[in-house]
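Next come the chains, spelled out residue by residue.
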Amino acid sequence: QVHLVQSGGGLVQAGDSLKLTCVASGRIVARYGMGWFRRAPEKEREFVAAISWSGEDTIYADSVQGRFSVSRDKYTLYLQMNSLVPEDTAVYFCAERPYSSASSLESSHNRWGQGTQVTVSS
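Calculation criteria
The numbering scheme is per chain: residues are counted from 1 as the chain's sequence reads. Only residues with pLDDT of at least 70 get local features here, since the model is predicted, and only at 80 or more are side-chain atom pairs given and counted; chain-wide, interface and lining totals rely on the full set of residues. Note: side-chain values were computed over all heavy atoms of the structure, leaving out hydrogens and water. One requirement defines pairing of two strands: DSSP has to find at least two bridges between them. Starting at the N terminus, helices and strands are each numbered in turn, a helix being any DSSP run of H or I of at least four residues and a strand any DSSP run of E of at least two. Axes here refer to lines fitted to C-alpha atoms; in helices the fit is confined to the stretch in contact. Angles between the N-to-C directions go from 0 to 180 degrees. Just to be clear on terms, a salt bridge is a Lys or Arg side-chain nitrogen sitting within 4 Å of an Asp or Glu carboxyl oxygen. Among buried residues, those of type Ala, Val, Leu, Ile, Met, Phe, Trp, Tyr and Cys that are joined through side-chain atoms within 4.5 Å constitute a nonpolar core. Only protein chains enter the accessibility calculation, which uses a 1.4 Å probe. A residue is then buried if its area is under 20% of the maximum for its type, exposed if over 50%, and partly exposed in between. By disulfide we mean two sulfur atoms from cysteines, separated by a distance within 2.5 Å. Each pair of aromatic rings taken from Phe, Tyr and Trp, with Trp reduced to its six-membered ring, is defined by centres within 6.5 Å and is described as stacked if the planes are under 30 degrees apart, edge-to-face if over 60, and tilted in the remaining cases. Note on geometry: a ring has a charge over it if NZ (lysine) or CZ (arginine) is within 6 Å of the ring centre and within 35 degrees of the ring normal.

Enquirer: Sorry if this is basic, but what is going on with the sheet that holds strand S8 (residues 76-81) here?
Expert: Where strands meet in a sheet, backbone hydrogen bonds hold them as pairs that are either parallel or antiparallel. Judged by pairing direction, the sheet is antiparallel, and its 4 strands sit side by side in the order S1-S3-S8-S7 without closing on themselves. The outermost strands of the open sheet, each flanked by one partner alone, are strand S1 (3-7) and strand S7 (68-72). The average angle at which neighbouring strand axes cross in this sheet is 15 degrees, direction not considered. Where S7 lies against S8, 5 bridges are found, and the strand directions are antiparallel. What sits directly across from Ser71, in S8, is Tyr78.

Enquirer: How do you make sense of the pattern of salt bridges when you look at a structure like this?
Expert: Inspection of every chain in the model, using the stated rule, returns 5 salt bridges. A single salt-bridge network, built from bridges that share partners, covers Arg38, Glu46, Arg67 and Asp88.

Enquirer: What is the right way to look at the nonpolar core in this model?
Expert: Where a protein is soluble and globular, its nonpolar side chains tend to be buried together. Trp36, Leu79, Met81 and Tyr92 are the most contacted members of the largest nonpolar core, which has 31 residues in total. Per-element tally for this core: the top contributor is strand S5 (residues 45-51), with 5 residues.

Enquirer: Just to check I follow, could you spell out the state of the cysteines for this structure?
Expert: Two cysteines form a disulfide when their sulfur atoms are joined by a covalent bond. Taken as a whole, this structure holds 1 disulfide when the rule is applied. The disulfide partner of Cys22 is Cys94, and the gap between their sulfur atoms is 2.1 Å. On the sign convention where negative is left-handed, the bridge of Cys22 and Cys94, at about 60 degrees about the S-S bond, is right-handed. Taken together, the positions of Cys22 in strand S3 (residues 18-25) and Cys94 in strand S9 (residues 90-97) put the pair 72 residues apart, joining distant regions of the chain. Judged by relative accessible area, which is 0%, Cys94 ranks as buried.

Enquirer: Teacher, can you tell me more about the packing of aromatic side chains here?
Expert: Both the distance between ring centres and the angle between the ring planes are used here to describe each pair of aromatic rings. Per the stated rule, a full pass over the model turns up 2 aromatic pairs. The interplanar angle of 70 degrees and the centroid separation of 5.7 Å between the aromatic rings of Phe37 and Phe47 together place this pair among those described as edge-to-face. On the criterion of sequence distance, the pair formed by Phe37 in strand S4 (residues 33-39) and Phe47 in strand S5 is long-range, its members being 10 residues apart. Ring centres 5.1 Å apart and planes at 55 degrees place the aromatic pair Phe37 and Trp112 in the tilted group. Here Phe37 is found in strand S4, whereas its partner Trp112 is found in strand S10 (residues 111-112), with 75 residues between them in sequence. Since its relative accessible area comes to 25%, Trp112 is described here as partly exposed. Ring-pair connections join several aromatic residues into one group, and the members of that group are Phe37, Phe47 and Trp112. In this structure, Arg45 is placed above the aromatic ring of Phe93, and the distance from its NZ or CZ to the ring centre is 5.0 Å. For the cation-ring pair, Arg45 lies above Trp112, with the distance from its terminal atom to the ring centre recorded as 3.8 Å.

Keep in mind these values describe shape, not function.
Right, here's the structure in full:
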């Protein structure tokens, strides 16, 4: 069974940077559209960023546009987070969808990572 395994995250100060990674154990991820979502305390999970299988198409939530960057290689999905603010504090999830395109639609993703905590202090 394929699992998405995340790493990165932690506690940082406002203005700092972090990089999250997501690896699909057992196979490459290059054939699938993938995305990042997050769930802040007492809030619903929300879309952050998405990327197509080729890496040519990316989508970002307005709240992270210009600060976050999603990328990928054959085996790994990345989320580079710069200029972090306290409002970015959340559990971050990587996700995979059975299509080649990128999408912000949570329900179109059918495989999820375990989640990793990102905490930004002011």
